[in-house]
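Observations on the three-dimensional arrangement
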Amino acid sequence: MTRSGTRWLSAALLLAGPLLAGCAGPVVGAAYDTKDPVDRWQAALRANAARYVCGAPLPEGGEARLSDALVEAQHQATAALAQRGGTTPTDPEVLGDIGARRTLQERVVRDAVAERGCGDAKIMDLIGLAERLSAGQA
């Protein structure tokens, strides 16, 4: 396995344990309150995935605001990962890490919704976060 393959697998395993156990960590909505830009971005991804999978509508203009919030959060997460790795945001390993994290976050939410349904309290928390992000309140 290559160095980047090993790094990706390690990151996936570190993320998968708590995510699979609790559908996105200990407290789903509170994760967005963290100062870590990577955690904030991942929380926003989970929120958008839950909203999308459950078909929760957003008010007019909400899609654009949510999209803008997701793009900004991803830029901040990419910069933070690059800084931690002592490289640039365009480094292939950083971009690969971002892609792997996005895929994992979305898959965890889809699996949790399939298992628990959209009425689950944690899923509802995620949808609430998406609504706050779309309103510019988070």
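Scroll up a little and you will see the structure.
This text gives an overview of the structure that appears in the document. Predicted model, so just to flag it, every value in this text is computed and none were measured. (Residues numbered from 1 in each chain as written. Predicted model: local features only at pLDDT ≥ 70, side-chain atom pairs only at ≥ 80, totals over all residues. Heavy atoms only, no water.)

Quick notes on the overall build of the protein
The helix and strand inventory of the protein stands at five helices and zero strands. Along the chain direction, N to C, the helices and strands of the protein fall in the order α-α-α-α-α. Counting across all 138 residues of the protein, residues that qualify as buried make up 40%. The contacts in the protein between residues at least 6 apart in sequence include a share of 69% that link residues at least 24 apart. Total accessible area on the protein stands at roughly 7500 Å², and carbon and sulfur atoms take up 56% of it. (Helix = DSSP H or I, 4+ residues; strand = E, 2+ residues; numbered from the N terminus. Buried < 20%, exposed > 50% of the residue type's maximum accessible area, 1.4 Å probe, protein only. Contact = heavy atoms within 4.5 Å. Areas by Shrake-Rupley, 256 points an atom, 1.4 Å probe, with all protein chains shown as cover.)

Some words on the pattern of salt bridges
It is possible for side chains of opposite charge to pair when their charged atoms get near one another. Enumeration according to the criterion identifies five salt bridges in this entry. Residues Arg-51 and Glu-63 are paired through a salt bridge, measuring 3.2 Å at the closest nitrogen-oxygen approach. Taken together, the residues span a long stretch of sequence, with Arg-51 in helix α2 (residues 37-54) and Glu-63 in helix α3 (residues 62-85) at a distance of twelve residues. Classification of Glu-63 by relative accessible area gives partly exposed; the value is 46%. (Salt bridge = Lys/Arg side-chain N within 4 Å of Asp/Glu carboxyl O.)

Section: the environment of Gly-62
Mapping Gly-62 onto the fold places it in helix α3. For the pair Gly-62 and Glu-131, spaced 69 residues apart in sequence, the C-alpha separation works out to 7.8 Å.

Structural notes on the nonpolar core
Counting residues in each nonpolar core, the largest one holds 20 residues, and the members touching the most others are Tyr-32, Trp-41, Leu-129 and Leu-133. Those elements that provide at least two residues to this core are α2, α3, α4 (92-116) and α5 (121-134). Of the residues forming this core, the biggest block, seven residues, is contributed by α3. For Leu-133, the contacting residues outside a window of four places in its chain are Tyr-32, Ala-44, Arg-65, Leu-66, Ala-69 and Ala-138. Core analysis: the second largest hydrophobic core is formed by nine residues, Ala-50, Val-109, Ala-112 and Ile-127 among them. (Core = buried A, V, L, I, M, F, W, Y, C linked by side-chain atoms within 4.5 Å.)

Regarding α4
Helix length check: α4, at 25 residues, gives a terminal C-alpha distance of 36 Å against a target of 36 Å (1.5 Å per residue), a fit within 8%. Three or more residues of α4 are buried, namely Val-94, Asp-97, Ile-98, Ala-100, Arg-101, Leu-104, Gln-105, Val-108, Val-109, Ala-112 and Val-113. Of the residues flanking the start of α4, the one acting as N-cap is Asp-91, its side-chain oxygen 2.8 Å from the backbone nitrogen of Glu-93. (Expected span 1.5 Å × (residues − 1). Polar contact = N/O pair within 3.5 Å; in protein donor to acceptor, adjacent residues only side chain to side chain.)

Brief notes about the packing of α3 against α4
As a packed pair, α3 and α4 sit with axes 10 Å apart at the nearest point and diverge in direction by 130°. Compared by their axis directions, α3 and α4 come out oblique. For α3 against α4, the interelement crossing comes out right-handed. In this structure, α3 uses Gln-74, Ala-77, Thr-78, Leu-81 and Ala-82 to contact α4, whose residues at the interface are Val-94, Asp-97, Ile-98, Arg-101 and Arg-102. Its residues assigned to classes, the contact of α3 with α4 shows five nonpolar, two polar and three charged. (Axes fitted to C-alpha atoms, helices over the stretch in contact; angles between N-to-C directions. Parallel < 35°, antiparallel > 145°, perpendicular 65-115°, else oblique. Left-handed = near helix turned anticlockwise from the far one by under 90°. Nonpolar A, V, L, I, M, F, W, Y, C, P; charged D, E, K, R; others polar.)

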